[in-house]
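So you can see what is in the structure, the chains are spelled out below.
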Amino acid sequence: SMAGDGEARLEDAAENDHASRPFLIGVSGGTASGKVSAASSRGPSSSVCEKIMELLGQNKIDHRQRQVVILSQDSFYMELTPEQKAKAVKGQFNFDHPDAFDNELIRKTLQDIIEGRAVRIPVYDFINHCRYASVTLYPADVVLFEGILMFYHQEIRDLFQMKLFVDTDADTRLSRRVLRDIGERGRDLEQVLTQYITFVKPAFEEFCLPVSPVCMSRCPD
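The name that an unreviewed UniProt entry assigns to the chain is uridine/cytidine kinase, with the source organism given as Denticeps clupeoides. Checking UniProt for the chain, the heading Sequence similarities (unreviewed entry) contains the comment "Belongs to the uridine kinase family." UniProt's Function (unreviewed entry) comment on the chain is quoted here verbatim: "Phosphorylates uridine and cytidine to uridine monophosphate and cytidine monophosphate. Does not phosphorylate deoxyribonucleosides or purine ribonucleosides. Can use ATP or GTP as a phosphate donor."

1. Things to note about the overall build of the chain
On a plain count of helices and strands, the chain comes out with 8 helices and 7 strands. Relative to its full complement of 221 residues, the chain shows a buried share of 45%.

2. Structural notes on the pairing of strand β6 (residues 142–146)
Here β6 lies mainly inside the structure; 5 of its 5 residues are buried. Burial of β6 is two-sided: the residues Val142, Leu144 and Glu146 facing one way and the residues Val143 and Phe145 facing the other way are all buried. Of the pairings in the sheet, the one linking strand β2 (residues 23–29) to β6 comprises 5 bridges and is parallel in character. Pairing of Gly26 across the sheet is with Phe145, part of β6.

3. Notes on a nonpolar patch on the surface
Together, Ile182, Leu189 and Leu193 line one region of the surface with nonpolar side chains, adding up to about 230 Å² of accessible area. Take Leu193: it is sitting in helix α7 (residues 189–208).

4. Describing α7
Each α-helix turn comprises 3.6 residues. Residues three or four places apart therefore point the same way. In this model, α7 (20 residues) spans only 24 Å end to end at C-alpha, well below the 28 Å of a helix rising 1.5 Å per residue. Burial in α7 covers these residues: Gln191, Val192, Gln195, Tyr196, Phe199, Val200, Ala203, Phe204, Phe207 and Cys208. Packing partners of the buried residues in α7 comprise β2, α3 (82–89), β7 (162–166) and α6 (170–185).

5. Regarding the environment of Tyr138
Note on placement: Tyr138 falls in the loop between β5 (130–137) and β6. Judged by relative accessible area, which is 58%, Tyr138 ranks as exposed. Residues Tyr138 and Val119, spaced 19 residues apart in sequence, show a C-alpha to C-alpha distance of 6.7 Å.

6. Describing unusual backbone geometry
In the Ramachandran plot, Ala32 falls in the positive-phi region, its phi being about 55° despite a non-glycine side chain. For Ala32, the location among the structural elements is in the loop between β2 and α2 (48–55). A relative accessible area of 14% places Ala32 in the buried class.

7. Remarks on the pattern of salt bridges
Tallying each qualifying case throughout the model produces 10 salt bridges. Note that Arg177 is salt-bridged to Asp181, the shortest N-O span being 3.5 Å. Of this pair, Arg177 and Asp181 are both found in helix α6, 4 residues apart, which corresponds to roughly one turn of the helix. Judged on exposure class, the residue Arg177 and its partner Asp181 are both buried. A salt bridge links Lys201 to Glu205, with the nearest nitrogen and oxygen atoms 2.8 Å apart. With Lys201 and Glu205 both in helix α7, this residue pair falls 4 residues apart, about one helical turn. Look at Lys201 and you get partly exposed, because its relative accessible area is 36%. Linked by salt bridges that have partners in common, Lys108, Asp112, Glu115 and Arg117 make up one network.

The rules behind each value
Note on numbering: residues in each chain are counted from 1, in written sequence order. Predicted model: local features are reported for residues with pLDDT of at least 70 only, side-chain atom pairs are reported and counted for 80 or more only, and whole-chain, interface and lining totals are derived from all residues. As a convention, hydrogens and water are excluded, and side-chain values are obtained from all of the structure's heavy atoms. UniProt positions are given in the numbering used here, feature names are shortened, and annotations may be inferred rather than shown by experiment. Labels follow the DSSP assignment, with helices taken as runs of H or I lasting at least four residues and strands as runs of E lasting at least two, numbered in each case from the N terminus. For each residue, the accessible area found with a 1.4 Å probe, counting protein chains only, is set against the maximum for its type, and the residue is called buried under 20%, exposed over 50%, and partly exposed in between. Paired strands are those between which DSSP finds at least two bridges. Note that patches include only residues with greater than 30% relative accessible area and no salt bridge, and the join distances are 9 Å for like charges and 5 Å for nonpolar side chains (Val, Leu, Ile, Met, Phe, Trp, Tyr). Here, Shrake-Rupley sampling with a 1.4 Å probe gives the accessible areas, and only protein chains in the shown set may cover a residue. When a carboxyl oxygen of Asp or Glu lies within 4 Å of a side-chain nitrogen of Lys or Arg, that pair is called a salt bridge. In a helix, the anticipated span is given by 1.5 Å times the number of residues less one. Residue contacts are defined here by distance: any two heavy atoms, one from each residue, within 4.5 Å place the two residues in contact.

Listed below in structure tokens is the structure:
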């Protein structure tokens, strides 16, 4: 399921080309919750961001002509030191902690997007844990920015005009993460499960869930 600040309407975003700033949508949720992709053996992948693209009529448009773009917080992981890389290889580095991300670069990138500037987005290598390239993102009418901790820092959270939280069953998320990390990131089952129990689940409960739109609306204090 998906929850967010329902006052903002997607139709407003679709008509945003006359506005002075792009329409920013933050999408958060736990690991493998289906923010960007939720591949299934029963059919093609579907996700919240893909559904929004479809609702805005952008899913069948050539990517070079789209006025809606998707960014991922994963692109903004900090580059690891040799010592941190050694921990990461053993599954002992916490990639789900707020300090694992270059939050100042995220804030600056969002600010540049708001001001209509082209920005350079890092390309992160999840096997070697480093940035190996970057891509240029040109001004767009609607920007979807997804990530597990997109709402943790208030100065970043407040930049979004719409905030969505993807609430997916924990067992479903874990099974998706296991398949992804083994199939795409070359990790073994024991490492994936150890990292999940040690870092991923506690970080979700401490840093992600408390600042979700649903929790904050219920527990403002």
